[in-house]
Amino acid sequence: VQPELIVVDSIQTIYSEELDSLPGSISQIRECGQQLLQLSKQKGIAVLMIGHVTKEGVIAGPRMLEHMVDTVLYFEGDAGGRYRIIRAVKNRYGSVNEISVFAMSEKGLQQVSNPSSIFLSNQKTPSPGSMVMVVREATRPLLIEIQALVGQSNGAVKRVSVGLDQNRLSLQLAILHKHGGIATFDQDVFVNVVGGIKVNETASDLVVMLAIASSLRDKIIPKDWIAFGEVGLSGEVRPVFNASERLSEAQKQGFKLAIIPKANTPKKDDIGIKIVPIEVLYQAIRYVVENT
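Attention in this report is confined to the structure presented alongside it. (Residues numbered from 1 in each chain as written. Predicted model: local features only at pLDDT ≥ 70, side-chain atom pairs only at ≥ 80, totals over all residues. Heavy atoms only, no water.)

Side note on the overall build of the chain
On a plain count of helices and strands, the chain comes out with 6 helices and 15 strands. Expressed as lengths along the three principal axes of its C-alpha atoms, the size of the chain is roughly 75 × 50 × 40 Å. Taking all 292 residues of the chain together, 40% fall into the buried category. A total of about 16,200 Å² of accessible surface is found on the chain, and carbon and sulfur atoms cover 52% of it. Of note, the chain has its 31 positive side-chain charges centred 5 Å away from the centre of its 30 negative side-chain charges. (Helix = DSSP H or I, 4+ residues; strand = E, 2+ residues; numbered from the N terminus. Buried < 20%, exposed > 50% of the residue type's maximum accessible area, 1.4 Å probe, protein only. Areas by Shrake-Rupley, 256 points an atom, 1.4 Å probe, with all protein chains shown as cover. Lys, Arg positive; Asp, Glu negative; His and termini not counted. Charge placed at Lys NZ, Arg CZ, Asp CG, Glu CD.)

Structural notes on the pattern of salt bridges
One side chain can pair with another of opposite charge once the charged atoms of both are near each other. By the definition in use, this model includes 7 salt bridges. The shortest N-O distance in the salt bridge between arginine 92 and aspartate 70 comes to 3.0 Å. Here arginine 92, found in the loop between β4 (83-91) and β5 (99-105), pairs with aspartate 70, found in the loop between α2 (64-68) and β3 (71-76); they are 22 residues apart in sequence, far enough to count as distant. A relative accessible area of 42% means that arginine 92 is categorised as partly exposed. A salt bridge links glutamate 76 to arginine 87; the nearest nitrogen and oxygen atoms lie 3.1 Å apart. With glutamate 76 in strand β3 and arginine 87 in strand β4, the pair connects residues that are 11 residues apart, well separated along the chain. A residue is classified by how much of its surface remains accessible, and glutamate 76, at 30% relative accessible area, is partly exposed. Arginine 87 gets classed as partly exposed once you look at its relative accessible area, which sits at 22%. Here the residues in one salt-bridge network are Lys41, Asp70 and Arg92, joined through shared partners. (Salt bridge = Lys/Arg side-chain N within 4 Å of Asp/Glu carboxyl O.)

Side note on the packing of aromatic side chains
Applying the stated criterion across every chain, the model contains 1 aromatic pair. Ring geometry for tryptophan 225 and tyrosine 287: centres 5.7 Å apart, planes at 40°, overall tilted. Linking tryptophan 225 in strand β11 (residues 225-227) with tyrosine 287 in helix α6 (residues 281-290), this pair joins segments that are 62 residues apart in sequence. Here the two residues tryptophan 225 and tyrosine 287 agree in accessibility, since each one is buried. In this structure, arginine 246 packs its charged tip against the face of phenylalanine 228, placed 5.6 Å from the ring centre. (Phe/Tyr/Trp six-rings, centres within 6.5 Å; stacked < 30°, edge-to-face > 60°. Lys NZ or Arg CZ within 6 Å of the ring centre and 35° of its normal.)

Section: the pairing of strand β6 (residues 108-111)
Consecutive residues of a regular strand have side chains that alternate between opposite faces of the sheet. In this structure, β5 lies alongside β6, joined through 4 bridges in antiparallel fashion. By the bridge assignment, serine 105 is partnered in β6 with glycine 108. The antiparallel pairing of β5 with β6 creates a hairpin that spans 2 residues between the two strands. (Pairing = 2+ DSSP bridges.)

Describing a nonpolar patch on the surface
Taken together, the side chains of Leu5, Val7, Leu48 and Ile50 present a nonpolar region at the surface, about 340 Å² in accessible area. Counting residues per element, the ones that place at least two in the nonpolar patch are β1 (5-9) and β2 (46-50). By the secondary structure assignment, leucine 48 is in strand β2. (Patch = residues over 30% accessible without salt bridge, like charges linked within 9 Å, V, L, I, M, F, W, Y side chains within 5 Å.)

Comments concerning unusual backbone geometry
Backbone torsion omega between aspartate 9 and serine 10 reads 0°, so that peptide bond is classified as cis. Position of serine 10 among the secondary structure elements: in the loop between β1 and α1 (26-43). Unusually for a residue other than glycine, aspartate 218 sits at a positive phi of about 60°. By the element assignment, aspartate 218 lies in the loop between α4 (205-217) and β11. Even without glycine at this site, asparagine 242 takes up a positive phi of about 55°. Considering the arrangement of structural elements, one finds asparagine 242 in the loop between β13 (237-238) and α5 (243-252). Among the residues examined, asparagine 242 registers a relative accessible area of 34% and is labelled partly exposed.

Quick notes on the packing of α4 against α6
For any two helices packed against each other, the geometry is given by the interaxial angle and the distance between the axes. Viewed as axis vectors pointing N to C, α4 and α6 meet at an angle of 45°, and their least axial separation amounts to 10 Å. For the element pair α4 / α6, the angle class is oblique. Helix-helix and strand crossings are classified by hand; for α4 and α6 the assignment is right-handed. Between α4 and α6, the contacting residues are Leu206, Met209 and Leu210 on the first element and Leu281, Ala284, Ile285 and Val288 on the second. Across the contact of α4 with α6, the residue classes break down as 7 nonpolar, no polar and no charged. (Axes fitted to C-alpha atoms, helices over the stretch in contact; angles between N-to-C directions. Parallel < 35°, antiparallel > 145°, perpendicular 65-115°, else oblique. Left-handed = near helix turned anticlockwise from the far one by under 90°. Contact = heavy atoms within 4.5 Å. Nonpolar A, V, L, I, M, F, W, Y, C, P; charged D, E, K, R; others polar.)

Here we look at the side chain of serine 161
Mapped onto the fold, serine 161 is located in strand β9 (residues 159-162). Residue classification places serine 161 among the buried residues on the basis of a relative accessible area of 12%. At a separation of 3.0 Å, a polar atom in the side chain of serine 161 contacts the main-chain carbonyl oxygen of leucine 164. For serine 161, the side chain forms a polar contact with the side chain of glutamine 166, separated by 3.1 Å. Not counting the four nearest positions on each side in its chain, serine 161 is found in contact with Gln166, Leu169 and Val191. (Polar contact = N/O pair within 3.5 Å; in protein donor to acceptor, adjacent residues only side chain to side chain.)

Here it is, written out as C-alpha cells:
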C-alpha cells in the first residue's frame, strides 16, 4: 500500500511491539512518533497524527512529540457550541498567523466563509451594554460583540468575564473609575464575548469600557457602531496594529461609525465609514452618552 495520506487516530492508542510498555506511555509515543516520522520522510507520505489534550488544553504526552512534527494544529471550541476553530501554533514550512472557522451541520463539518457574521448577534432591538469591536485573529479581522451587564450588588461585588482576561477586567474598571468618571465599586460587573471566542489583545479595552458605561448609564449604542483601542493607565487611548484592515472589515459588514484612537485615523476620507478619533477615554464616553 502506497497511500498519499495516513491518519493516526490517535497517537496515544497505537503501540509498537518492540516495546513492553502500554500504549500512551512516554516511550510508546516517542517510538511510534519516530517510526511514523521516518515513514513520512522516506516514502513521501503525509501523516496526520491526532493527539489527546489535557484539561488545560495542551497536547498530552511528552513535549518532544511537538518538536518532531512539522506542524501543530489545535482544534478549539466549546463542547456544547456549534463552531470550532483550527489554529496553527507551529508550522515549520509556513506562517502560523491563520485560523479556519468551521460549523457543524447535517452534512458534517463545514467551513465558514464569513466568520464575522457568526460572532454578531441577530437581535433586532439593541439593548444597553452591547457593542461591536474588530479583533485580530491571526491575520484575519473578525467582528465580535462584547456584552456587559452592570447591576447593584447585594453583597460582595462580583467581577465575571467570559472570553476576556479576568485581571484585565479589574484593570479596566479601575481606569474607568479614575479617568472616565464611572464608579462600579458597589456594582456587579459581568462581561461576555459573544460566540465563545477568546479575546487576548489589548485593543478590546475601549469597547469593553464603553459597553460597561452603556449598561450602567442605560444608553443603547447603535448596532452599526464599532470601537477598538488600547487604554493606558493614565486614560490615554493608544493606537493598535492593522487599524486600516479592521476598518475595512467593518465597512464591508455595513457599519457606519467607528470610535478609534486618533493615531489610527486613516489618511483617506473615502473609506465609507465615519471616524470619531479620540485621544482620552473620557472623550469616547462623552460621545457615546451624548449621541445615544
